[in-house]
Every structure is written in structure tokens, then in C-alpha cells.
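In case you want the letters, here they are:
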Amino acid sequence: MLDTLNRRLVLPLLAAKRGSTYLRDLVELERTQFEPPEQIRARQLTLLKAQLQHAFATVPYYQRTWTAAGVHPSDLNSLADLAHFPILPKADIRTRGTELYSTAYRNVKVRTKTTSGSTGVPLKILLDERGAQWKTACTLRADQWSGWRLGQRVAKVWGNPEYRHFGLRGRLMNHFVDRAVYLDTIGLTSERIGEFATNLRRHKPGMLFGHAHSLYLLACALRKSKITDIRPNGIVSTAMPLHDWQRVVIEEVFGVPATNRYGCEEVSLIACQCERHAGLHVAAESVYTEVGGRPTGTGKLLVTDLTNAAMPLIRYEIGDVVTLSDAPCACGRGLPVIEKVEGRDADFVVTPAGRLISGISLTENFAMHINGAAQVQIIQETTTHLRVRLVKDDTFSDASRRQLAKLVLDTFGPTMRFDVEFLDVIPQEPSGKYRFCISKVANDFMKGLSA
Ligand SMILES: [Zn+2]
């Protein structure tokens with residue numbers, strides 16, 4: 001009842017009062033997602049041309065780097081032509097951020113986002129209001145793919161709830177409109193999880209949303225307490241890769257499929273699984289995705305923001321390796337697909353023989369094939385030295401140690417040394433995220449490959 005009231009009345013009234021366009025944008029996006037792929041690509045080309053013209057006319061960074069590279073926006077006649085334009089590395093946002101601001105927005109009110117950045121060094125991003133509204137609509141569209149409906153309550157498993165930054169107004173908005181239930185993930189305790197479970201039972205949220213690993217830890221705690229009656233319409237897992245060993249537990253406890261989402265603070269939503277839970281559909285009306293100039297294939301992801309005019313990010317190298325595909329999804333949407341997010345480039349390890357292995361598949365393989373290993377974190381110190389950190393359960397034994405030794409030998413060959421450390425929990429990164437594979441040598445190795 002409240003959900004319907006919220007969807008039909010409260011949200012439209014508030015949007016009208018504030019001049020927000022996201023609800024209208026959402027209607028448009030609900031339609032465009034089913035357009036044929038060629039039509040979606042044609043729209044991207046139109047948006048891309050306009051974004052390049054705008055960037056060259058008003059953004060000092062692109063004026064300088066494109067002139068130096070001998071390219072001009074008028075050179076872009078197809079999506080493939082974008083490959084001639086220089087890549088925007090993350091380091092340039094950090095060191096030359098203000099040069100990326102459009103002079104057209106100097107006296108216009110824009111939103112500012114400060115992100116922790118995956119390396120812990122903050123990045124400052126400007127976002128214009130029109131782009132912000134459009135991106136909100138893209139996110140809401142993807143939220144609804146999970147089974148949640150606009151207006152329903154959301155439960156967030158997340159550190160540092162955002163409404164707290166807006167004082168009394170934020171608290172009132174959250175209480176009456178957003179009605180989100182939070183579990184702050186910085187310092188999870190069993191009491192707080194118990195309290196959250198009570199809130200979930202009382203408020204029956206339509207969506208459970210959070211970091212993949214935080215959702216997993218919550219599911220483990222509920223399972224341990226034999227709480228199995230919490231049934232949201234959808235679960236959205238974001239901010240880090242969702243591993244199959246986490247997905248299994250989350251789905252068992254909550255009884256619905258987990259929807260995997262991929263994005264970053266700099267451009268917001270990039271892609272999300274639909275109700276088929278296969279690949280992740282790209283929010284193609286908001287971002288253009290490519291690997292090395294190609295719209296399909298495996299490699300380092302480059303993202304071009306098609307909507308943010310205040311700080312246009314063009315060919316931005318996020319630092320993740322992905323597989324892009326044009327293969328149709330059974331849902332009928334024409335949006336292109338990220339088949340797989342392989343992980344951050346630093347999440348790869350290198351074998352002594354010089355082979356790259358995705359950290360996700362590696363930790364997945366180890367967790368599945370070592371009896372009693374509840375969680376695995378692998379840290380590659382050098383090309384011939386690994387630290388394997390394990391959270392074990394009661395079934396871990398000497399046989400498990402032999403399984404581990406054999407896995408290291410089979411995967412890396414006889415020259416790889418390894419130490420084993422047992423932990424109670426895998427430690428969080430300062431950002432609140434978790435990393436299961438950290439290599440101190442993979443990035444340099446990959447740079448060597450592309451040099
Ligand atoms: Zn689909």
C-alpha cells in the first residue's frame with residue numbers, strides 16, 4: 001500500500017517540486033532497452049559525436065591531448081574511429097582533474113563527488129544535473145531488473161549511509177520517502193546483524209542491496225542463526241565481483257537470485273544483470289564501453305561517459321579487465337553485454353612461466369577444491385612467492401593442506417613457493433571493500449605486455 005502510494009504519488013510530486021526529470025527519463029529508458037542493437041549503437045554514435053565536439057570546444061585537457069595526438073572530433077564517423085583518440089588514464093584524473101572540467105559549467109551549479117579511488121587516493125568528479133538525473137534513471141531501470149519495483153523499500157548493507165551526510169533533512173527524507181533500512185558494514189557485529197534481521201522482518205524491503213562480500217557475510221550470519229524467512233523481491237550485489245561461492249550462500253538464505261551489478265563512482269552504473277542473470281547489460285544510453293577500440297572482446301575496459309557534460313570522461317581506463325559481447329540475451333533487450341568482469345588488473349597473478357591468471361577464477365578454484373576452506377585470499381608477493389590466507393571451518397585437515405600444495409603446484413609449477421596463514425576473517429580494504437587476490441607484480445607484468 002505504502003509502496004504504491006510512494007510510486008504513484010510521493011515520488012512524482014517530489015520530482016515535480018524539484019524539477020527532477022528522472023521519472024520521465026525512466027519511462028524513456030524502459031522503451032529504449034528493447035530497441036534493436038543497431039539502433040542502440042546508432043544512438044551511441046550520435047551522443048558520442050556531440051560529447052567529443054563539446055569536450056574539444058570546452059575542456060582544456062582534450063584540447064591539449066587531442067591536438068598533440070593529431071585528432072579532431074570531426075574525424076569520428078563511426079564508433080570504431082574512437083580508437084584513434086588517446087586513452088584517459090586514472091592518474092590524469094588525479095593529477096590534472098581541474099583541466100578536465102568543462103569551461104561551459106564554470107558558473108553552473110553541478111554536483112561534486114569525491115571517490116576513494118581503488119588505490120585509496122581520492123578523485124574529485126563533477127557531474128551536471130541533467131547527467132545526474134539520467135544516470136539515476138539508468139540505475140532505477142537496472143534495479144527493477146532484480147525484481148524490485150519503484151517505490152518499494154530498500155535495505156542497504158553498506159558502510160557510511162549517505163543520508164547521514166545531509167543532517168536533519170537527510171534523516172527526514174530517509175524516514176518518509178526513501179525508507180531505506182541500513183546495516184553499516186564498517187565493523188559488523190553479531191548484535192548489529194541481529195538488529196538488522198529484525199528490521200528486515202518488520203519492514204519487508206523489496207530489495208537487498210550491498211557489497212558482494214557484505215551480503216555474503218550477512219547471509220552466513222543469518223544462516224548460522226537459522227533465520228531463513230527473509231524474502232526480498234530482489235538482491236543487488238555491487239562494488240566488487242560476486243563470486244559463485246558467495247552467490248550460492250546468498251541465494252540459499254534469501255531464496256531469490258542475486259543480481260550482479262558493475263559500476264564505479266566516476267561514471268555511476270556501467271552494467272547490470274537482467275532477470276535472466278547471464279551477462280551484464282551495459283547502460284548504453286549513458287556509457288559507451290570498448291576494449292582497445294573494439295566494442296567486443298576481452299581486455300582492459302575503456303568507458304566513455306555519454307551524458308556528463310560538466311566533466312566529460314572519454315576513453316577512461318578504469319583498471320578492470322572485462323569480456324564484452326554483442327551476443328543477444330534471451331530477455332530480448334538490445335543493450336550490449338559485459339559477459340564477465342574478470343577483475344581489476346591488479347587482481348591478476350603471474351605464474352613463474354609468465355602466464356596471467358584471473359584472481360577471481362584462481363580464488364574460486366582454490367575455495368572449491370580445498371576441503372574446509374571457507375574463504376581464500378591469495379597475495380602474490382613476487383613472481384615466485386605466494387601468501388595463501390585461509391578462513392577455515394571444522395572440516396579442514398591435513399588432507400586439505402595436501403590439496404592446497406597440489407593446487408599451487410598444478411597452477412604455478414614447482415618454482416612457486418607459498419606460505420599459509422589462517423585468519424578469522426578476510427580483512428577489509430580502507431574503502432570497506434574486500435579483495436581476494438592481490439598481486440604486487442601483475443600490473444608491471446601487464447604493462448610490459450602492452451609496451
Ligand atoms: Zn538480458
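Residues numbered from 1 in each chain as written. Predicted model: local features only at pLDDT ≥ 70, side-chain atom pairs only at ≥ 80, totals over all residues. Heavy atoms only, no water.

Peer 1: Explain the overall build of the chain here, please?
Peer 2: Scanning the chain from terminus to terminus reveals 13 helices and 20 strands. Here the C-alpha radius of gyration of the chain, 23 Å, is about what a compact globule of 451 residues would show, namely 22 Å. Seen through its principal axes, the chain has C-alpha atoms that stretch 65 × 60 × 40 Å. Among the 451 residues that make up the chain, the fraction classed as buried is 53%. Total accessible area on the chain stands at roughly 20400 Å², and carbon and sulfur atoms take up 55% of it. Distance between charge centroids for the chain: 5 Å, based on 57 positive and 46 negative side chains. (Helix = DSSP H or I, 4+ residues; strand = E, 2+ residues; numbered from the N terminus. Rg over C-alpha atoms; globule rule 2.2 N^0.38 Å. Buried < 20%, exposed > 50% of the residue type's maximum accessible area, 1.4 Å probe, protein only. Areas by Shrake-Rupley, 256 points an atom, 1.4 Å probe, with all protein chains shown as cover. Lys, Arg positive; Asp, Glu negative; His and termini not counted. Charge placed at Lys NZ, Arg CZ, Asp CG, Glu CD.)

Peer 1: So what exactly am I meant to see when it comes to the confidence of the model for the chain here?
Peer 2: Any residue range with low pLDDT should be treated as having predicted coordinates unsuitable for detailed reading. Mean pLDDT over the chain works out to 87, with 91% of the residues at or above the 70 mark. Here helix α13 (residues 442–450) stands out as the element of the chain with the lowest mean pLDDT, 64, in contrast to helix α3 (residues 37–58), whose mean of 98 is the highest. (pLDDT = per-residue confidence, 0-100.)

Peer 1: Would you explain helix α1 (residues 2–18) in this entry?
Peer 2: In an α-helix, one turn spans 3.6 residues, which is why side chains three or four residues apart end up on the same side. Maximal helix bending in α1 amounts to about 30°, located at V10; proline P12 follows within four positions. Among all positions in α1, only N6, L11 and A15 are buried. Backbone geometry just downstream of α1 places G19 in the positive-phi region, at approximately 70°. (Bend = angle between axes of the 7 residues up to and from the residue.)

Peer 1: Can you help me understand the coordination of the zinc ion in this one?
Peer 2: Distances from the zinc ion to its protein donors, C274 (SG), H281 (NE2), C329 (SG) and C331 (SG), fall within 2.1 to 2.3 Å. Relative to the metal, the 4 donor atoms surrounding the zinc ion lie at angles of 101 to 115°, and the coordination shape comes out tetrahedral. Here the donor residues of the zinc ion share one chain and are spaced in sequence as C-x6-H-x47-C-x1-C. Of this pair, H281 sits in strand β10 (residues 280–282) while C331 sits in the loop between β13 (316–325) and β14 (337–344), and the two are 50 residues apart along the sequence. Judged by its relative accessible area of 1%, H281 falls in the buried class. (Donors = N, O, S within 2.8 Å, 3.2 Å for Na, K, Ca; no water. Tetrahedral: all angles 85-135°; square planar, octahedral: opposite > 155°, others 65-115°.)

Peer 1: What is the right way to read the packing of helix α2 (residues 22–32) against helix α6 (residues 129–145) from this model?
Peer 2: In helix packing, the relevant descriptors are the interaxial angle and the interaxial distance, both defined with respect to the helix axes. Between α2 and α6, whose axes approach to 8 Å, the crossing angle comes to 55°. Here α2 is positioned oblique relative to α6, judged by the angle of their axes. Between α2 and α6 lies a crossing of right-handed hand. Seen from α2, the contacting residues are Y22, D25, L26, E28, L29, E30 and T32; seen from α6, they are R130, Q133, W134, T136, A137, C138, L140, R141 and Q144. When grouped by side-chain class, the residues that make up the contact of α2 with α6 number 7 nonpolar, 4 polar and 5 charged. (Axes fitted to C-alpha atoms, helices over the stretch in contact; angles between N-to-C directions. Parallel < 35°, antiparallel > 145°, perpendicular 65-115°, else oblique. Left-handed = near helix turned anticlockwise from the far one by under 90°. Contact = heavy atoms within 4.5 Å. Nonpolar A, V, L, I, M, F, W, Y, C, P; charged D, E, K, R; others polar.)

Peer 1: Any chance you could explain the side chain of E290 here in plain terms?
Peer 2: Turning to its location among the elements, E290 is positioned in strand β11 (residues 287–291). Side chain to side chain, E290 and R315 meet in a polar contact 2.8 Å long. If we ignore the near neighbours within four places in the chain, the residues touching E290 are L82, P295, K300, L301, L302, R315 and L324. (Polar contact = N/O pair within 3.5 Å; in protein donor to acceptor, adjacent residues only side chain to side chain.)

Peer 1: Would you take a moment to explain the pattern of salt bridges for this structure?
Peer 2: Side-chain pairs of opposite charge can arise whenever the charged atoms involved come near each other. Evaluation of the coordinates by the stated rule reveals 22 salt bridges. Here R41 makes a salt bridge to D326, at a shortest N to O gap of 3.2 Å. Here R41 is found in helix α3, whereas its partner D326 is found in the loop between β13 and β14, with 285 residues between them in sequence. With relative accessibility at 15%, the residue R41 sits in the buried group. In this structure, D143 and R261 form a salt bridge, with 2.2 Å as the shortest nitrogen-oxygen distance. In this pair, D143 sits in helix α6 while R261 sits in strand β8 (residues 258–264), placing the two residues 118 residues apart along the sequence. Given a relative accessible area of 8%, R261 falls into the buried group. Each of E381, R387, R389, E421 and K440 takes part in a single network of salt bridges with overlapping partners. (Salt bridge = Lys/Arg side-chain N within 4 Å of Asp/Glu carboxyl O.)

Peer 1: Mind showing me how you'd approach the packing of α3 against helix α4 (residues 60–69) here?
Peer 2: Two numbers describe how α3 lies on α4: the axes approach to 5 Å, and their chain directions differ by 100°. Taken together, the axis directions place α3 and α4 in an arrangement best described as roughly perpendicular. For the pair formed by α3 and α4, the contact residues are L52, A55, F56, A57 and T58 on the first element and P60, Y62, Q63, W66 and T67 on the second. The residue inventory of the contact of α3 with α4, partitioned by class, reads 7 nonpolar, 3 polar and no charged.

Peer 1: For this particular structure, what's the right way to read the sheet that holds strand β20 (residues 437–439)?
Peer 2: Two modes of strand pairing occur in sheets, parallel and antiparallel, and in both the strands are linked by backbone hydrogen bonds. One open sheet holds the 4 strands; their spatial order is β19-β18-β17-β20, and the pairing between them is mixed. If you trace the sheet from one side to the other, it starts and ends with β19 (417–422) and β20, each paired once. Taken pair by pair, the neighbouring strands of this sheet meet at an average axis angle of 15°, ignoring direction. Seen against the sheet, helix α12 (residues 398–412) touches β18 (385–392) and β19 and runs at an angle of roughly 145° to β19. (Pairing = 2+ DSSP bridges.)

Peer 1: Is there a simple way to think about helix α8 (residues 190–203) in this case?
Peer 2: Between its first and last C-alpha atoms α8 spans 20 Å; for 14 residues at 1.5 Å apiece the expected length is 20 Å, and the two agree. Taken as a whole, α8 has its buried residues at I193, F196, A197, N199 and L200. Relative to the axis of α8, the buried residues are bounded by an arc of 160° and lie together on one face. The outward face of α8, more than 90 degrees from its buried face, is lined by the exposed residues E191, E195 and R202. Buried residues belonging to α8 abut β4 (154–157), β5 (181–183), β6 (207–211) and α9 (212–224). Two residues or fewer after α8 comes K204, characterised by a positive phi angle close to 45°. (Expected span 1.5 Å × (residues − 1). Arc of directions from axis to C-beta.)

Peer 1: Please clarify how the pairing of β11 should be interpreted in this entry.
Peer 2: If a strand is regular, its side chains alternate between the two faces of the sheet. Counted residue by residue, β11 has 5 buried out of 5 residues, so it is predominantly covered. Burial of the side chains of β11 extends over both faces: V287, T289 and V291 are buried on one face and Y288 and E290 on the other. The pairing of β11 with strand β12 (residues 297–305) spans 5 bridges and is antiparallel. What sits directly across from V287, in β12, is D305. In this structure, the hairpin formed by β11 and β12 is closed by a connection of 5 residues, where G292 is found at a positive phi of approximately 55°.

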